[in-house]
Amino acid sequence: MADGTDQKSSNQMWGGRFASGPSAIMEEINASIGFDKKLYAQDIRGSMAHAAMLASKGIISPEDKDKITDGLNTILSEIESGRFEFSRKLEDIHMNIEARLATLIGPAAGRLHTARSRNDQVALDFRLWVKEELQKTEGMLTALIAAFLDRAEENADTVMPGFTHLQTAQPVTFGHHCMAYVEMFGRDRARVRHAIEHMDESPIGAAALAGTGYPIDRHMTATALGFREPTRNSIDTVSDRDFALEFLSIASICATHLSRLAEEIVIWSTPQFGFIRLSDAFSTGSSIMPQKKNPDAAELVRAKTGRINGSLIALLTVMKGLPLAYSKDMQEDKEQVFDAAESLELAIAAMTGMIRDLEVRKDRMRAAAGSGYSTATDLADWLVREAGLPFRDAHHVTGNAVALAEKKGCDLADLSLEELQAIHPGITKGVFDVLSVEASVASRVSFGGTAPSEVKKQIAWWRGRN
Ligand code: ARG
């Protein structure tokens, strides 16, 4: 301790878990290889495009370019077959690959990093990864939407109670309710498509931050890597993580939709509601209560939203105080995105499975749809239409009818004509045509309304839009 050697190997206050003092701590906080190895394929693809461009512009020789390409192909197969040894000493995926390239092909490896920096390299790799993830998400949302369209079609005239405040409001169809989710996930998919377009610019060639004096061709690398065009400002290029923030924002909104759906599934599958039965594949039993079937998958989807929203807030917070251009803080971008992407994929897949498999209990939905005076609005509308009452008065008369039915413990449709006429003399027997839930839903033919005829139109519109 006295001469400081002990302190170097293991600091008394904080060195307990570190084998060899401060440099080990630096390595631990600095290294990103533990997670950015996920970017290996993008890194190799980016390097190949960069090397090809350097050769075509005469910045490196064709022989060096071939050696680099062969070496990178070897590394790709080493990583994919699990033979590659990642080293934390080499910090990140970029340096791990470059060091291995040097071992494989010698000095030519050193020419690959001409006219680029890890700053534009990481921006490129990560953008490629996020773009692919968005494309995958687009496909998964399309599958979820397709599952909902099928259920909506089967249930275009399945009557259920519609709720506001989770209190019975007006009868709707289950098909219509399914189509509400199609709209939500359709918007998510549109956001995904927009984000892909928005981020479709190649960062490579921005170099450290100022661009480069080598005669590079950024349009060539952009095209080779499947981007629409190169980014336009080298400072912004290496400072920008909007594409990651956009991914996380989209993921958070989508997860919020999934969570609302999960909540409805949890409620609907209780014995008290009994609107649906989940398949065994997406529920679990209780170790102590044999009667139970728990909607665990739905609950976990609901919970994943917390993680995904957390990732968005974490990265927004990392980025919010950063001066231009690159700062190492930005290395913290990847884990948030990787974790959110994994959670979102799982959540969408689980939800698609649940929607495909669930059993709709039409009898239970129908029974619930008729209770809770769900056709009270229809009675009020009838009074406006047929008895000429102003809506406010019709609302009051209907309130009296509901109060009477409540007192008698029956539905509105069970009141006799005499009882209704005592409340308002203008009521005739025609009123009974609108008091049934079927008549109620069939009457709501306004554009986007719950009538089966409308719901079928909505389904057809979406079918044409996959
Ligand atoms: N591992 C780094 C990251 O993820 C790569 C970029 C490093 N750049 C630098 N100037 N140190 O952000």
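The structure reproduced in this document is the subject of the present report. (Residues numbered from 1 in each chain as written. Predicted model: local features only at pLDDT ≥ 70, side-chain atom pairs only at ≥ 80, totals over all residues. Heavy atoms only, no water.)

## Describing the site of the ligand
The test is simple: Proximity is defined per residue: any heavy atom of the residue falling within 4 Å of a molecule or strand makes that residue near it. Here a polar contact is recorded for every N or O atom pair within 3.5 Å, except that within protein the pair must consist of a potential hydrogen donor and a potential acceptor, and residues adjacent in sequence are included only if both atoms are side-chain atoms. Note on areas: Shrake-Rupley with a 1.4 Å probe; residue coverage comes only from the protein chains shown. Only runs of H or I of at least four residues qualify as helices and only runs of E of at least two qualify as strands under DSSP, and these elements are numbered from the N terminus. Charged residues are taken to be Asp, Glu, Lys and Arg, nonpolar residues to be Ala, Val, Leu, Ile, Met, Phe, Trp, Tyr, Cys and Pro, and polar residues to be all remaining types, Gly included.
In the vicinity of the ligand, the contacting residues are S32, D36, D92, H94, R118, N119, V122, Y326, Q331 and K334. Note that a nitrogen atom of the ligand is positioned 3.0 Å from one of the side-chain N or O atoms of N119. Residue K334 places a side-chain N or O atom 2.6 Å away from an oxygen atom belonging to the ligand. Contact with the protein chains removes 86% of the 340 Å² of surface that the ligand exposes when unbound. No other element matches the three residues that helix 7 (residues 118-154) contributes to the shell around the ligand. Across the shell around the ligand, the residue classes break down as two nonpolar, four polar and four charged.

## Focus on the packing of aromatic side chains
Think of a pair of aromatic rings as described by two things: how far the centres are apart, and how the planes are tilted against each other in angle. We apply this condition: Think of it this way: a Phe, Tyr or Trp ring, Trp meaning its six-membered ring, pairs with another when their centres are within 6.5 Å, and the plane angle makes it stacked under 30 degrees, edge-to-face over 60, tilted otherwise. Partly exposed describes any residue whose relative accessible area lies between the buried limit of under 20% and the exposed limit of over 50%, with all areas from a 1.4 Å probe on protein chains only and scaled to the type maximum. Charge over a ring is defined by NZ of Lys or CZ of Arg lying within 6 Å of the ring centre and within 35 degrees of the ring normal.
Per the stated rule, a full pass over the model turns up 11 aromatic pairs. Judged by centre distance (6.2 Å) and plane angle (25°), the ring pair of Y181 and F185 falls under stacked. Remark: F185 and Y181 occur in helix 8 (residues 174-198); sequence separation between them is four residues, near one turn of the helix. You'll find Y181 and F185 in the same group, each marked buried. By way of ring pairs, the aromatic residues F126, W129, F243 and F338 are connected into one cluster. One residue, K131, lies across the ring of F227, its end atom 4.9 Å from the ring centre. One Lys or Arg, R465, reaches over the ring of W461 and ends 3.7 Å from the middle of that ring.

Nothing here speaks to function; it is all geometry.
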